[in-house]
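Coordinate analysis (summary)
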Amino acid sequence: MSETPADQANQPPVPSMRMVHQYLKDLSFESPAAPGSLGTNQEQPAMEVAVDINARGLGQDRYEVELSCSATARRNDQTIYVVEANYAGLFLIQNVPQERLEPALLIEAPHTLFPFIRQIIATATRDGGFTALMLEPLDFVGMYQQQRGAAAQQPAGQA
């Protein structure tokens, strides 16, 4: 038996999320110790990597999600290089229940953006004269849960 147009009209709207645009907002690469830091027989630098996610509504079911990544390489207390990138996407999110909107913005959207910022970071470090920094895949679900847990432990009014 097939559905009639009246049956279809009674169906709840289908949730959807799609990336409308993606773009590089900012990119910085610094190599303050060059050319001394570029030798081939040098020990691997210690790496510090930080990732941040920001989302904001733009009206009419449109949201900007920005994935920021910074990596600092140090060897013997000397900064070898610093790379920072902000990569964003404009997402159209429709018919998503309010309780699922935040996870869509802070889990699904960054998951979509990550391969692009990963490639940008790798290219910038390689073009800077170093081995390409290939960021490990990130657990956006775990990051979200950790953020929610930390927010729940803060006293009221200090979010």
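Coordinates for the structure precede this section.
As a further point, take the pairing of strand β2 (residues 46-59). As defined by bridge partners, β2 adjoins strand β3 (residues 62-75) across 13 bridges and the pair is classed as antiparallel. By the bridge assignment, R56 is partnered in β3 with E64. Here β2 folds back onto β3, and the loop between the two strands holds 2 residues, one of which, Q60, carries a positive phi near 55 degrees.

Here helix α3 (residues 140-153) is 14 residues long and its end C-alpha atoms lie 20 Å apart, about the 20 Å a rise of 1.5 Å per residue gives. Measuring from the backbone nitrogen of V141 back to the side-chain oxygen at the start of α3 gives 3.3 Å, which picks out D139 as the cap.

Right, let's get into the packing of aromatic side chains. The tally for this structure, following the rule as stated, stands at 5 aromatic pairs. Aromatic pair F29 and Y81: ring centres 5.6 Å apart, planes at 25 degrees, arrangement stacked. Pair noted here: F29 is in strand β1 (residues 16-30) and Y81 is in strand β4 (residues 78-94), with a separation of 52 residues, a long-range link. When its relative accessible area of 4% is taken as the criterion, Y81 is described as buried.

Looking now at the nonpolar core. Counting residues in hydrophobic clusters, the biggest one holds 30 residues, and the most contacted among them are V65, L67, Y81, I117 and I121. Sorting the residues of this core by element identifies β3, β4, α2 (98-127) and α3 as the ones contributing at least two each. Sort the elements by how many residues they give to this core and α2 lands first, with 11 residues.

Compared with an ideal rise of 1.5 Å per residue, which puts 30 residues at 44 Å, α2 spans 43 Å between its outermost C-alpha atoms and is within 8% of the ideal. The largest bend along α2 reaches roughly 45 degrees and is located at A104. After α2 finishes, the residue G129 shows a positive phi value of roughly 100 degrees.

Once that is clear, we can look at the sheet that holds β3. Here 4 strands make up an open sheet; going across it, the order is β1-β4-β3-β2 and the pairing antiparallel. The open sheet has two free edges, formed respectively by β1 and β2, since each of these has just one partner strand. Going across the sheet, the axis of each strand differs from the next one's by a mean of 15 degrees, ignoring polarity. When β1 meets β4, the two strands line up antiparallel, connected through 13 bridges. Within β4, the residue paired with L24 across the bridge is Y87. Seen against the sheet, α2 touches β1, β2, β3 and β4 and runs at an angle of roughly 140 degrees to β4.

Here is what the cut-offs are and how they apply
Residues numbered from 1 in each chain as written. Predicted model: local features only at pLDDT ≥ 70, side-chain atom pairs only at ≥ 80, totals over all residues. Heavy atoms only, no water. Pairing = 2+ DSSP bridges. Helix = DSSP H or I, 4+ residues; strand = E, 2+ residues; numbered from the N terminus. Expected span 1.5 Å × (residues − 1). Polar contact = N/O pair within 3.5 Å; in protein donor to acceptor, adjacent residues only side chain to side chain. Phe/Tyr/Trp six-rings, centres within 6.5 Å; stacked < 30°, edge-to-face > 60°. Buried < 20%, exposed > 50% of the residue type's maximum accessible area, 1.4 Å probe, protein only. Core = buried A, V, L, I, M, F, W, Y, C linked by side-chain atoms within 4.5 Å. Bend = angle between axes of the 7 residues up to and from the residue. Axes fitted to C-alpha atoms, helices over the stretch in contact; angles between N-to-C directions. Contact = heavy atoms within 4.5 Å.

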